[in-house]
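Remarks on the overall topology
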Amino acid sequence: MKLVVDSGSTKADWILFNSEGSFVKTFQTLGLNPEVVSEDEVLKRLNVSEDLMSLQTKVEEIHFYGSGCGTKRSKENMLSALKKFFVATQNFIVKEDTYAAVYATCKANENAIVCINGTGSNCSYFNGTEVIQAVDSLGYLAMDDCGGVQFGREMIRAYFFKTMPDYLRLKFAERYDLNSDTIKNRFYKTENPNAYLASFLPFLIEYKEEEFSKNLIESQIQFFIDHYIKQFENYNEVSIHFVGSVAYLLQNEFESVLLKNNLIPGKFYQKPLDGLINFYK
C-alpha cells in the first residue's frame with residue numbers, strides 16, 4: 001500500500017492506494033507542520049486517527065508533501081516522526097508542499113508559476129521537470145503574505161488600532177474572543193499559532209464586499225504579485241496556478257488583480273487532492 005499526503009498547517013489530506021496502484025480512499029487529520037508542532041505533537045496527531053492506526057503496519061511507501069518541509073532539518077524531523085509511527089514502511093519521501101501543488105496543477109512539460117495561498121503562502125516556478133524557488137520562505141513570523149496568517153494578522157491589528165470600521169469591529173468582537181490575554185496566550189503558549197491567525201479568515205470572506213475588506217484583499221494580492229510572482233523573469237508569459245483555501249475562496253479577487261497586472265490566471269484548486277490522485281494513478 002502507498003500513502004500520499006498533502007499537509008498544511010491546519011489540515012492534512014491522506015490518499016491511500018493499494019499495492020496495484022489503484023486509488024482506495026482519502027481521509028483527513030490535523031495539519032503536520034514540523035516548523036510549528038513538535039515531533040511529539042506530530043505523533044499525537046497520528047495516533048488519534050483510526051484510519052492511520054489501521055494502516056500503521058501495512059503501508060509500504062509514503063510520499064509526504066508538507067508545509068514547513070523546505071529545509072533539511074524540518075524534513076529530518078518529519079521523517080523521524082513518520083518512521084516512529086509507520087514501523088513497517090520501507091520507502092519514505094518527504095518534500096515541501098510546493099511539489100504537491102505542482103503535480104496537481106501542471107501538465108507534463110508545462111512551464112508555469114505555482115502559488116500556494118492557504119494558511120501560509122509560497123510561490124515557485126516549474127520548468128517542466130524541476131521546481132525552482134526565488135524566495136526562501138521564512139515562515140509565518142516573517143512571510144506567509146497573502147495567506148490566512150497574514151490576513152488574520154492584519155484584521156487583528158485593524159481591530160486594535162481601530163482602523164477597522166466601527167460596525168465591522170462590533171461584528172468582529174461578537175464572533176471572536178478578542179481579549180488581549182487570550183490572543184497572546186494563543187500566539188506564544190500554544191501549538192499552531194499560525195493556524196490560529198488563519199482562523200479569522202472566514203470573517204473576511206463573509207464581509208469581503210465591504211470597502212475595508214476589498215482594500216485589504218487587493219493590497220495583499222498586489223503585494224504577493226510584486227514580491228513573489230514577479231521574482232521570476234517570465235512572470236507575464238506563463239500561466240499562474242493557485243492552490244489553497246485563500247486563493248480558491250477569493251478567486252474572483254485574485255483573477256481581477258492578476259489581469260490588472262497583465263498576468264495570466266491559471267487553475268484554482270482549494271486542495272491539490274484531485275490532481276494528486278490523477279497524477280499518482
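A brief look at the structure comes next. Every chain is numbered on its own, with residues counted from 1 as its sequence reads. Since the coordinates come from a predicted model, pLDDT governs what is reported: local features require at least 70, and pairs of side-chain atoms require 80 or more to be given and counted, while whole-chain, interface and lining totals use all residues. As a rule here, side-chain values cover all heavy atoms of the structure and leave hydrogens and water aside.

Overview of unusual backbone geometry
- One non-glycine residue, Asn-109, lies in positive phi territory at about 65°.
- Numbering of helices and strands runs from the N terminus; a helix is a DSSP stretch of H or I covering at least four residues, while a strand is a stretch of E covering at least two. Along the chain, Asn-109 falls in the loop between helix H4 (98-105) and strand E6 (112-117).
- Despite not being glycine, Cys-146 shows a phi value in the positive range, around 60°.
- Within the fold, Cys-146 resides in the loop between strand E8 (131-132) and helix H5 (148-161).
- By relative accessible area, which is 0% here, Cys-146 ends up buried. Note on exposure labels: buried denotes an accessible area under 20% of the residue type's maximum, exposed denotes more than 50%, and partly exposed covers the range between, all computed with a 1.4 Å probe on protein chains only.

A look at the sheet that holds strand E1 (residues 2-7)
- One bridge is not enough; two strands pair if DSSP finds at least two bridges between them. An order of E3-E2-E1-E4-E5 is seen for the 5 strands of this open sheet, with the pairing classed as mixed. Whereas interior strands pair on both sides, the edge strands pair on one side only; in this sheet they are strand E3 (23-30) and strand E5 (91-96). Taken pair by pair, the neighbouring strands of this sheet meet at an average axis angle of 15°, ignoring direction.
- Running over the sheet, helix H3 (residues 72-85) touches strand E4 (61-66) and E5 and is turned about 145° from E5.
- Note on definitions: a residue-residue contact is assigned when non-hydrogen atoms from the two residues lie within 4.5 Å. To obtain an axis, a line is fitted to C-alpha atoms, over the contacting stretch when the element is a helix, and the angle between two such axes runs from 0 to 180 degrees between their N-to-C directions. Helix-sheet contacts for helix H13 (residues 273-280) involve E1, strand E2 (11-17), E3 and E4, and the interaxial angle to E2 is about 25°.

Interpretation in functional terms is not warranted from these geometric data alone.
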